[in-house]
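Chains, contacts and geometry: an overview
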Amino acid sequence: MRLLAVQPYIKVHRQIVDAEIICREEERRIYLYHDRLITKHRVFLIKDISDLSYRRIGDEGGWLYVHTSRGIFSYNVPSSPESFIKAFRVHIKKDYF
């Protein structure tokens, strides 16, 4: 497997303690390989991904969307995933589509 790109994302954990909401952020990474995309808890085969898209929220980050045959999966990204999406479209889509 050849690593093509890495994109950080944020997982927010919310917990209620004594009637107060406690938020904890955990930084994770999405790994793009020639044949799969891997997050902490999911593996998407490239053949099942139809596209990646991004919607900016605020000044810096936003949401990265992974469009698959099983639905759309969203990831909160702290910065623009433009280079990650470009790597997918240049290295992957040309081979499969």
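Residues numbered from 1 in each chain as written. Predicted model: local features only at pLDDT ≥ 70, side-chain atom pairs only at ≥ 80, totals over all residues. Heavy atoms only, no water.

The next subject is the side chain of Gln 7. Tracing the backbone through its elements, the reader meets Gln 7 in strand E1 (residues 3-17). Here Gln 7 falls in the buried class, since its relative accessible area comes to 3%. Among all residues touching Gln 7, those that are not within four sequence positions of it are Arg 28, Arg 29, Ile 30, Leu 64, Val 77, Ser 79, Ser 80, Pro 81 and Phe 84. (Helix = DSSP H or I, 4+ residues; strand = E, 2+ residues; numbered from the N terminus. Buried < 20%, exposed > 50% of the residue type's maximum accessible area, 1.4 Å probe, protein only. Contact = heavy atoms within 4.5 Å.)

Time to look at the environment of Gly 58. Structurally, the position occupied by Gly 58 is in the loop between strand E5 (49-56) and strand E6 (62-68). Sequence spacing of Gly 58 and Cys 23 is 35 residues, and the spatial spacing of their C-alpha atoms is 19 Å.

Before going further, it helps to spend a moment on the pairing of strand E7 (residues 71-77). Where E6 meets E7, seven bridges bridge the pair, whose relative direction is antiparallel. Looking at the pairing, Gly 62 lines up with Val 77 of E7. (Pairing = 2+ DSSP bridges.)

This part takes up the nonpolar core. Membership of the largest hydrophobic core comes to 19 residues, with the highest contact counts inside it found for Leu 32, Leu 37, Ile 49, Leu 52, Leu 64, Tyr 75 and Phe 84. Taken together, the elements giving at least two residues each to this core come down to E1, strand E2 (20-33), E5, E6, E7 and helix H1 (82-96). A per-element tally of this core places H1 first, with five residues. Once residues within four sequence positions are removed from consideration, Leu 64 is found in contact with Gln 7, Ile 30, Leu 52, Ser 53, Tyr 54, Phe 73, Ser 74, Tyr 75, Val 77, Pro 81, Phe 84 and Ile 85. (Core = buried A, V, L, I, M, F, W, Y, C linked by side-chain atoms within 4.5 Å.)

What follows covers the packing of aromatic side chains. Within this structure, the stated rule accounts for two aromatic pairs. An angle of 75° between the planes, with centres 5.0 Å apart, marks the rings of Tyr 9 and Tyr 75 as edge-to-face. A residue pair is termed long-range when its members are at least 10 positions apart, and Tyr 9 in strand E1 and Tyr 75 in strand E7 qualify at 66 residues. Accessibility assignment for this pair places Tyr 9 and Tyr 75 in one class, buried. (Phe/Tyr/Trp six-rings, centres within 6.5 Å; stacked < 30°, edge-to-face > 60°.)

We now examine the pattern of salt bridges. Applying the stated criterion to the full structure yields six salt bridges. Between Lys 47 and Asp 48 there is a salt bridge, and its shortest N-O distance comes to 3.6 Å. The class for Asp 48 is partly exposed, based on a relative accessible area of 25%. When salt bridges with common partners are traced through the structure, they connect Glu 26, Arg 28 and Lys 40 into a single cluster. (Salt bridge = Lys/Arg side-chain N within 4 Å of Asp/Glu carboxyl O.)

Within the fold, His 91 resides in helix H1. Among the residues examined, His 91 registers a relative accessible area of 34% and is labelled partly exposed. Placed 87 residues apart in sequence, His 91 and Leu 4 show a C-alpha to C-alpha distance of 8.0 Å.

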